[in-house]
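What follows is the residue order along each chain.
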Amino acid sequence: MSWFKRKIKGIQTPSTEKKDIPKGLWYKTPSGKIVERTELIENLYVSPEDDFHLRIGSKEYFDILFDDGEFEELWPKMESKDPLKFEDLKPYTQRLKEAKEKTGLRDAVRVARGKSKGEDLLIAAMDFSFIGGSMGSVVGEKIMRAMDYAAEHKIPLLVIAKSGGARMQEAAISLMQLVKTSAAVARMQKAGVPYISLLTDPTTGGVTASFAMLGDINIAEPNALIGFAGPRVIKEATGKDLPEGFQRSEFVLEHGFLDQIIHRKQLKDKINLFLDLILNRPVRA
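Let me sum up the structure you'll find in this document.

Reading the values: the criteria
Residues numbered from 1 in each chain as written. Predicted model: local features only at pLDDT ≥ 70, side-chain atom pairs only at ≥ 80, totals over all residues. Heavy atoms only, no water. Core = buried A, V, L, I, M, F, W, Y, C linked by side-chain atoms within 4.5 Å. Buried < 20%, exposed > 50% of the residue type's maximum accessible area, 1.4 Å probe, protein only. Helix = DSSP H or I, 4+ residues; strand = E, 2+ residues; numbered from the N terminus. Contact = heavy atoms within 4.5 Å. Salt bridge = Lys/Arg side-chain N within 4 Å of Asp/Glu carboxyl O. Phe/Tyr/Trp six-rings, centres within 6.5 Å; stacked < 30°, edge-to-face > 60°. Lys NZ or Arg CZ within 6 Å of the ring centre and 35° of its normal.

1. Observations regarding the nonpolar core
- Residues Leu 122, Ile 143, Met 147, Leu 157, Tyr 195 and Phe 211 are the most contacted members of the largest nonpolar core, which totals 39 residues.
- Taken together, the elements giving at least two residues each to this core come down to helix H3 (92-103), strand E6 (109-116), strand E7 (119-126), helix H4 (137-153), strand E8 (157-163), helix H5 (171-190) and strand E9 (195-203).
- In terms of residue count, the dominant contributor to this core is H4 (seven residues).
- Non-local contacts of Ile 143, meaning those with residues more than four positions away in its chain, are made with Val 109, Ala 124, Val 159, Thr 181 and Phe 211.
- Counting 25 residues, the second largest nonpolar core, distinct from the first, contains Val 35, Ile 64, Leu 158 and Leu 275.

2. Comments concerning the pattern of salt bridges
- Tallied over the full model, the rule gives 22 salt bridges.
- Between Glu 141 and Arg 145 there is a salt bridge whose closest N-O contact spans 2.8 Å. Highlighted residues: Glu 141 and Arg 145, both in helix H4, separated by four residues, approximately one helical turn.
- Residue classification places Arg 145 among the partly exposed positions, given a relative accessible area of 31%.

3. Some words on the packing of aromatic side chains
- Counted under the stated rule, the structure contains five aromatic pairs.
- With a centroid separation of 5.6 Å and 40° between ring planes, the pair formed by Phe 62 and Phe 66 is classed as tilted.
- With relative accessibility at 0%, the residue Phe 62 sits in the buried group.
- Look at Phe 62 and Phe 71: their rings are 4.8 Å apart centre to centre, the planes differ by 55°, and that puts the pair in the tilted class.
- Arg 55 extends its terminal NZ or CZ atom over the ring of Phe 128, reaching a point 4.5 Å from the ring centre.

Limitation: the analysis is restricted to geometry and does not speak to function.
Have a look at this one:
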């Protein structure tokens, strides 16, 4: 058998034992293709074999969209508290502590100001790795502050949504963020400041029901899951099979809820093109 070594007449049979591969060196795509990690990073975390867009976080998006990856982070020390003393399988305070240690983040969104193709841009990017990108009081507060900051300083805002929805550990406080952020969108629009919403995989729940769908332009990455309730929940509730590709960005675009689907390699060019057209600036190459 091939999984052990043996000798025949003094000749050692080559072993086919599986050797350990350093963690993170290779990536297996959903279609089963193996991609070297360095190649994946150079390709902006898009699999060159099947064009699959991996989930990435705020750090990666800032590197992609800001010139030379340079930016100033706003309100970096803001953290969630536990006013409800919530506890399920473990206390909420413990979940927050574990998420911070695991990710190095303070919460599920970061806001940064920098230059993109030489022009000022404000970006609020969500991180799914922090408790599923759930929206609690800090996420709502930072999104609202980003919108008010954009309105005050007349800087276009890009929000990159990636979330499982409202954070249940904050209950009604989390649901309040839907109204809070929606009101901030209205103030920003009244100030005449462009707001582009980028929906990535996944964008669901209260985030979809509030600021993520209220952009002047709503765009998405390919094959991103976008919806309110997830497809599994809908199928269980209705007892019916769902259409192929249900709630994927292509399906959502076809039904009129998105303006465009944009490949990650084209994000920086396309976002700046939209802003040039909205602000009546000379279109940059």
